[in-house]
Amino acid sequence: MKVSFILNGEPVTVDVKPNEILLDTLRLKLNIKSVKRGCERAECGACTVLVDGRPTYSCNLLTVQVEGREVTTLEGLRDDPIVKELTSKFVERGAVQCGFCTPGFIITAYALLKSGKELTPENVKKMLEGNICRCTGYKKIIEAVTAAAEALKK
Ligand code: FES
Ligand code: FES
């Protein structure tokens, strides 16, 4: 069956199986490699994308469910100033080791910074609780997101 949606600002139409998950469609059919296959059971956040602006696990969503909706991945946000600041602070603060979890964290943090919510280490921690990193621990990631928020205020 065919599903049409907006991917990173461009309309796409793709043939999918009725039970195909968005993670597979993105990685295997649309060459979107920033979206990582981790737990595949809605626990780790490695596969996080934005669906209509909200962080969503793409392993937990059928592709048919995004018909007519807007899907955004890190590939579509490369030139976004918030993403650039986050990326730079992740590197500067040592919040990246193997990097497998990083796109998911950046997408979630991006949505948080876009939301305009007040950022404290506590609410950054809360917002990122759906993303798991097995390398760095969370302190550096929280510091990086908080530092990016501070830099963007200036
Ligand atoms: S792969 Fe989707 S949450 Fe882990
Ligand atoms: S940097 Fe390796 S899992 Fe997070």
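What you see is a predicted model; the values in this text were computed from it and never measured.

**Concerning the packing of helix α2 (residues 81-92) against helix α5 (residues 139-153)**
- Closest axis-to-axis distance for the α2/α5 pair is 8 Å, and the angle between their directions is 135°. Classified by the angle their axes make, α2 and α5 are oblique. For α2 against α5, the interelement crossing comes out right-handed. Contacts from P81, I82, E85, L86, K89 and F90 of α2 reach α5 at I141, A144, V145, A147, A148, A151 and L152.
- Its residues assigned to classes, the contact of α2 with α5 shows 11 nonpolar, no polar and two charged.

**Digging into the domain arrangement of the chain**
- Partitioning the chain into structural domains gives domain 1 (2-76) and domain 2 (79-153).
- Measuring from the centre of the C-alpha atoms in domain 1 to the corresponding centre in domain 2 gives 21 Å.
- The interface of domain 1 with domain 2 comprises 17 residues on the first partner and 13 residues on the second.
- Taking both sides of the interface into account, the surface hidden between domain 1 and domain 2 amounts to around 1100 Å²; carbon and sulfur atoms contribute 73%.
- The three residues of domain 1 that bury the most area against domain 2 are K36, L50 and L74, which together make up 38% of that side's buried surface.
- One can count zero salt bridges joining domain 1 with domain 2.
- Taken together, the links from domain 1 to domain 2 amount to three residue pairs in polar contact (both at pLDDT 80 or more).
- Elements with a minimum of two residues in the side of domain 1 that touches domain 2: β3 (48-51) and β4 (54-57).
- For the side of domain 1 that touches domain 2, the element with the most residues is β3, which contributes three residues.

**A look at the sheet that holds strand β2 (residues 10-15)**
- Here five strands make up an open sheet; going across it, the order is β2-β1-β5-β3-β4 and the pairing mixed. The open sheet terminates on both sides in strands that have one partner only, identified here as β2 and β4. Taken pair by pair, the neighbouring strands of this sheet meet at an average axis angle of 40°, ignoring direction.
- One ladder, built from four bridges, connects β3 with β4; its direction is antiparallel. Note on β4: the bridge partner recorded for T48 is Y57.
- Packed on one face of the sheet, helix α3 (residues 102-115) meets β3, β4 and β5 (70-72) and runs near 35° to β3.

**What about the packing of aromatic side chains?**
- Taken as a whole and judged by the stated rule, the model has one aromatic pair.
- Consider the rings of F105 and Y138, whose centres lie 6.4 Å apart with planes at 50°: the pair is tilted. Here Y138 lies in the loop between α4 (121-127) and α5 and F105 lies in helix α3, a separation of 33 residues in the sequence.
- Given the relative accessible area of 1%, F105 is considered buried.
- Overall, the relative accessible area of 36% leaves Y138 in the partly exposed class.

Here is what the cut-offs are and how they apply
- Residues numbered from 1 in each chain as written.
- Chains lettered and ligands numbered in written order.
- Predicted model: local features only at pLDDT ≥ 70, side-chain atom pairs only at ≥ 80, totals over all residues.
- Heavy atoms only, no water.
- Axes fitted to C-alpha atoms, helices over the stretch in contact; angles between N-to-C directions.
- Helix = DSSP H or I, 4+ residues; strand = E, 2+ residues; numbered from the N terminus.
- Parallel < 35°, antiparallel > 145°, perpendicular 65-115°, else oblique.
- Left-handed = near helix turned anticlockwise from the far one by under 90°.
- Contact = heavy atoms within 4.5 Å.
- Nonpolar A, V, L, I, M, F, W, Y, C, P; charged D, E, K, R; others polar.
- Domains from an automatic or database assignment.
- Buried area = accessible area lost by both parts, 1.4 Å probe.
- Salt bridge = Lys/Arg side-chain N within 4 Å of Asp/Glu carboxyl O.
- Polar contact = N/O pair within 3.5 Å; in protein donor to acceptor, adjacent residues only side chain to side chain.
- Pairing = 2+ DSSP bridges.
- Phe/Tyr/Trp six-rings, centres within 6.5 Å; stacked < 30°, edge-to-face > 60°.
- Buried < 20%, exposed > 50% of the residue type's maximum accessible area, 1.4 Å probe, protein only.

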